[in-house]
Amino acid sequence: MHRRALLGAALATPALALPAAAQTVARNARIIIGFPAGGSSDIVARLYADRLRGVYAPNVIVEGRVGAAGRIAVEFVKDTDKDGTTYLQTPASMLTLQPHIFPRDVRYDALTDFIPVSTVCTFPFAFCVPMSHPARTLAEFGAWARTQPNEIPFASPAAGASPHFMGLMLAQALNIRMTHVPYRGAVPAVQDLIAGRLNAFMGVLGDVSPQNGVGLRMLAVSSAQRNPRFPDVPTFQELGFTALTKDEWFGALLPAGTPAPIVQGLFNAITQVGNTPEMRAALERLDFNVGTSASPAAFAARIRQERDEWGPIVRASGFTPE
């Protein structure tokens, strides 16, 4: 099934019948995202918006503030009202990776300008080759790459995104030479991979899973356990590459200064709607997992830890944005 069809199926999931609860805010609320409509960020936000209606606020809508690789949305929410009617949904890289890549352009700090509330879903990465490639395992890919006279090009959805650095880390772990080829999004990269114009691709599992075994072959995934839908695809961890065990996430944050009862109310609402069979099923169609945080404090600790982990990786890569 194509990615667009999967997204449509997820959105077609009926609204949940949740127990009545006191709404946290009496006015309508909005979820701010930094990426275009129709993408994963938008779809996940709309899944939550539909289900937070009447639980967190009378109505919840999704509003895009697109630009500057997602930073415009983050900066907008940083300066918005602290009454709970506006919260940010953002991928991890905006808070944990971009501060290391764009230190002059990132004008926010996730832990001082915001109150982290909870992750709303998690998702792993996958390393893939075209079906025409001779390698059927990661070990075979490494052996093949070491016989090549030139560096092996590998693609990711964007320069400076998490898959970019995951690919560089994999090259180092395999002791092979790979050079990064940035694309503007996963779709054109996957198309070129399937056509055989690329040797390899590192990206979000959900962007490649519909073509696995048809146009491309997944050699490994970054989750801690094998994906139940793809039990034959090993994890990096079981192959001995523990450093490549990483999940990306979308998280919800409120601007710093938001009263504690509102923070707790949003956390409770996200937990309530997120951990239902219906929401789990909707996200699993996209190869996402719910993965809500244990508490706002636990989410803040995760951001701090992952931000600290990415710093040395970025510095060691020598990458600088053009």
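Only a predicted model underlies this, so the values are computations on that prediction, with no experimental measurement involved. (Residues numbered from 1 in each chain as written. Predicted model: local features only at pLDDT ≥ 70, side-chain atom pairs only at ≥ 80, totals over all residues. Heavy atoms only, no water.)

K.L.:
Honestly, the overall build of the protein in this entry has me stumped. Any pointers?
P.N.:
What the protein contains, in helices and strands, is 12 helices and 9 strands. The globule rule puts the C-alpha radius of gyration for 322 residues at 20 Å, and the 20 Å found for the protein is close to it. Along the first, second and third principal axes, the C-alpha set of the protein runs to 65 × 40 × 30 Å. Expressed as a percentage of its 322 residues, the buried residues of the protein come to 53%. Pairs at least 24 apart in sequence give 78% of the contacts found in the protein among residues at least 6 apart. Put simply, the protein has 28 plus and 25 minus side-chain charges, and the middle of one group is 2 Å from the middle of the other. (Helix = DSSP H or I, 4+ residues; strand = E, 2+ residues; numbered from the N terminus. Rg over C-alpha atoms; globule rule 2.2 N^0.38 Å. Buried < 20%, exposed > 50% of the residue type's maximum accessible area, 1.4 Å probe, protein only. Contact = heavy atoms within 4.5 Å. Lys, Arg positive; Asp, Glu negative; His and termini not counted. Charge placed at Lys NZ, Arg CZ, Asp CG, Glu CD.)

K.L.:
Please clarify how the packing of helix α2 (residues 40–52) against helix α11 (residues 277–284) should be interpreted in this entry.
P.N.:
The angle between the axes and the distance between the axes are what describe a pair of packed helices. It is the contact of α2 with α11, at a shortest axis distance of 11 Å, that shows an interaxial angle of 165 degrees. Classified by the angle their axes make, α2 and α11 are roughly antiparallel. At the point where α2 passes α11, the crossing takes the right-handed sense. Residue-level inspection shows Val44, Leu47, Tyr48 and Arg51 of α2 in contact with α11, the latter providing Met279, Ala282 and Leu283. (Axes fitted to C-alpha atoms, helices over the stretch in contact; angles between N-to-C directions. Parallel < 35°, antiparallel > 145°, perpendicular 65-115°, else oblique. Left-handed = near helix turned anticlockwise from the far one by under 90°.)

K.L.:
Looking at this model, I keep getting lost on helix α10 (residues 260–274). Mind explaining?
P.N.:
Since there are 3.6 residues in each turn of an α-helix, residues three or four apart along the chain are aligned in direction. For α10, which comprises 15 residues, the first-to-last C-alpha distance of 21 Å matches the rise-based estimate of 21 Å (1.5 Å per residue) to within 8%. The complete set of buried residues in α10 reads Ile262, Val263, Gly265, Leu266, Phe267, Ala269, Ile270, Val273 and Gly274. Of the surrounding elements, those touching the buried residues of α10 are α2, β3 (86–91), β4 (114–130), β9 (247–255), α11 and α12 (296–317). (Expected span 1.5 Å × (residues − 1).)

K.L.:
Would you explain the side chain of Thr292 in this entry?
P.N.:
Position of Thr292 among the secondary structure elements: in the loop between α11 and α12. A polar atom in the side chain of Thr292 sits 2.9 Å from the side chain of Asn275. (Polar contact = N/O pair within 3.5 Å; in protein donor to acceptor, adjacent residues only side chain to side chain.)

K.L.:
In this structure, what is going on with α11? I would like to understand it.
P.N.:
Residues of α11 that are buried: Met279, Ala282 and Leu283. In a view along the axis of α11, the buried residues occupy a sector of 95 degrees, so they form one face of it. (Arc of directions from axis to C-beta.)

K.L.:
Mind showing me how you'd approach unusual backbone geometry here?
P.N.:
A negative phi angle is the norm for most residues apart from glycine, just as the trans form is the norm for most peptide bonds. Not every positive phi belongs to a glycine, and Asn175 is a case in point at roughly 60 degrees. Counting through the fold element by element, Asn175 comes out in the loop between α7 (162–174) and β6 (178–182). On the basis of relative accessibility, which here comes to 61%, the residue Asn175 falls in the exposed class. Positive phi values are uncommon outside glycine, yet Asp287 reaches one of about 60 degrees. The topology assignment puts Asp287 in the loop between α11 and α12.

K.L.:
Whenever I open this one, the packing of aromatic side chains confuses me. Can you help?
P.N.:
Two aromatic rings are characterised by how far apart their centres lie and by the angle between their planes. Counted under the stated rule, the structure contains 8 aromatic pairs. On the basis of an interplanar angle of 40 degrees and a centroid distance of 5.6 Å, the ring pair of Phe141 and Trp144 is categorised as tilted. Linking Phe141 with Trp144, this pair stays in helix α6 (residues 138–145), spanning 3 residues, or about one helical turn. One aromatic cluster is present, built from ring pairs that chain together Phe123, Phe250 and Phe288. Of note, Arg71 hangs over the ring of Phe102, and the distance from its end group to the ring centre comes to 4.7 Å. Lying across the ring of Trp310, Lys246 places its NZ or CZ 4.9 Å from the centre. (Phe/Tyr/Trp six-rings, centres within 6.5 Å; stacked < 30°, edge-to-face > 60°. Lys NZ or Arg CZ within 6 Å of the ring centre and 35° of its normal.)

K.L.:
What should I look at first to understand the environment of Ala301 in this one?
P.N.:
By secondary structure assignment, the location of Ala301 is in helix α12. Counting along the chain gives 256 residues from Ala301 to Ala45, while the straight-line C-alpha distance between them is 23 Å.

K.L.:
Is there a simple way to explain the state of the cysteines in this structure?
P.N.:
In protein chemistry, a disulfide is the covalent bond that joins the sulfur atoms of two cysteines. Summed over all chains, the structure comprises 0 disulfides. Free cysteine Cys121: the closest other cysteine sulfur is in Cys128, separated by 19 Å. Residue Cys121 is classed as buried on the basis of its relative accessible area, which comes to 0%. With relative accessibility at 0%, the residue Cys128 sits in the buried group. (Disulfide = S-S within 2.5 Å.)

K.L.:
Just to check I follow, could you spell out the nonpolar core for this structure?
P.N.:
Across soluble globular proteins, you tend to see nonpolar side chains buried next to one another. Ranked by internal contacts, the top residues of the largest apolar core, which has 84 residues, are Tyr48, Tyr56, Phe127, Leu138, Phe141, Phe236 and Phe288. Per-element tally for this core: the top contributor is β4, with 8 residues. Every residue in contact with Leu138, bar those within four places of it in the chain, is listed here: Phe127, Leu170, Leu174, Leu219, Ala220, Phe236, Leu239 and Phe241. (Core = buried A, V, L, I, M, F, W, Y, C linked by side-chain atoms within 4.5 Å.)

K.L.:
How do you make sense of the side chain of Ser156 when you look at a structure like this?
P.N.:
With respect to the element layout, Ser156 can be found in strand β5 (residues 152–156). Here the side chain of Ser156 touches Ala158 through a polar contact of 3.0 Å, landing on its backbone oxygen. Look past the residues within four positions of Ser156 in its chain and what remains in contact with it is Pro163, His164, His180, Val181, Pro182, Tyr183, Phe201 and Met202.

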